[in-house]
Amino acid sequence: MNAALFPEARIQDVMATYHNDVWGSRPAEGFEVGPHVRLLETPGHSREDITTLVETDQGLIALTHLWWMASGADDDPYTFDREVLRRERERVLGLASKIVPGHGPAFVPDDTTSR
């Protein structure tokens, strides 16, 4: 992450928020970044992953690393626990009308979306 490009940015990870040189402990789960943006703790690819949910006029969009791209990978070779990954994918699929995956373009989930 090249946070130095944004000197006033506040950065949230799974357990804390960082602003300048201040570390504030706060879990990501349910945190409202703004009026239409909130965070979910979604372990799966790694234990520390979070998903950003954005409410738009077109529905709820999930920015997440639970999927690499629309076509998969069905079995993430880096997951620490396949069942946790499946559970978190199901959770996000139950909320989002569009997914922006970690390594590919946004997609609308359907019956062929990896679980």
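Everything numeric here is computed off the predicted structure, so don't read it as measured data.

J.: Please explain the environment of leucine 66 as it appears in this structure.
T.: With respect to the helices and strands, leucine 66 occurs in the loop between strand E7 (59-63) and helix H1 (82-93). With a relative accessible area of 0%, leucine 66 lands in the buried category. Between the C-alpha atom of leucine 66 and that of proline 105, which follows or precedes it by 39 residues, the distance is 14 Å. With sequence-adjacent residues up to four places away left out, leucine 66 is seen in contact with Thr42, Pro43, Gly44, Thr51, Leu85, Glu88, Arg89 and Val92.

J.: How should I be thinking about the nonpolar core in this particular structure?
T.: Within soluble globular proteins, side chains that are nonpolar generally end up buried alongside one another. Formed by Leu40, Leu53, Leu60, Ala62, Leu66, Trp67, Leu85, Val92, Leu93, Ala96, Ile99 and Phe107, the largest nonpolar core amounts to 12 residues. When contributions to this core are tallied by element, the ones reaching two or more residues are E7 and H1. Here the element with the most residues in this core is H1; it accounts for 3 residues. Filtering out sequence-adjacent residues up to four positions away, valine 92 remains in contact with Thr42, Thr51, Ala62, Leu66 and Trp67.

J.: I would appreciate a short explanation of the sheet that holds strand E3 (residues 22-25) in the present structure.
T.: The strands that make up a sheet pair up through hydrogen bonds in the backbone, lying either parallel or antiparallel. Read from one edge to the other, the open sheet built from 3 strands follows the order E1-E2-E3, with strand pairing classed as antiparallel. If you trace the sheet from one side to the other, it starts and ends with strand E1 (10-12) and E3, each paired once. The mean angle between the axes of side-by-side strands here comes to 20°, regardless of whether they run parallel or antiparallel. Relative to strand E2 (residues 16-19), E1 is paired through 3 bridges, and the arrangement is antiparallel. Residue arginine 10 lies in a different strand from E2, and its bridge partner there is histidine 19.

Each value, and the rule that gives it
- Each chain carries its own residue numbering, running from 1 in the direction its sequence is written.
- The predicted origin of the model limits local features to residues at a pLDDT of at least 70 and limits the giving and counting of side-chain atom pairs to 80 or more, whereas totals for whole chains, interfaces and linings rest on all residues.
- Side-chain descriptors were evaluated using all non-hydrogen atoms of the structure, hydrogens and water having been removed beforehand.
- Counting from the N terminus, the helices are DSSP H or I runs at least four residues long and the strands are E runs at least two residues long.
- We call a residue buried when its accessible area falls under 20% of the maximum for its residue type, exposed when it is over 50%, and partly exposed in between, using a 1.4 Å probe and counting protein chains only.
- Contacts are residue-level and defined by heavy atoms, with any inter-residue pair within 4.5 Å sufficient.
- Among the buried residues, those of types Ala, Val, Leu, Ile, Met, Phe, Trp, Tyr and Cys that are joined through side-chain atoms within 4.5 Å form a nonpolar core.
- Any two strands with at least two DSSP bridges between them are considered paired.
- Lines fitted to C-alpha atoms define the axes here, with helix axes fitted over just the stretch in contact, and angles between the N-to-C directions of these axes take values from 0 to 180 degrees.

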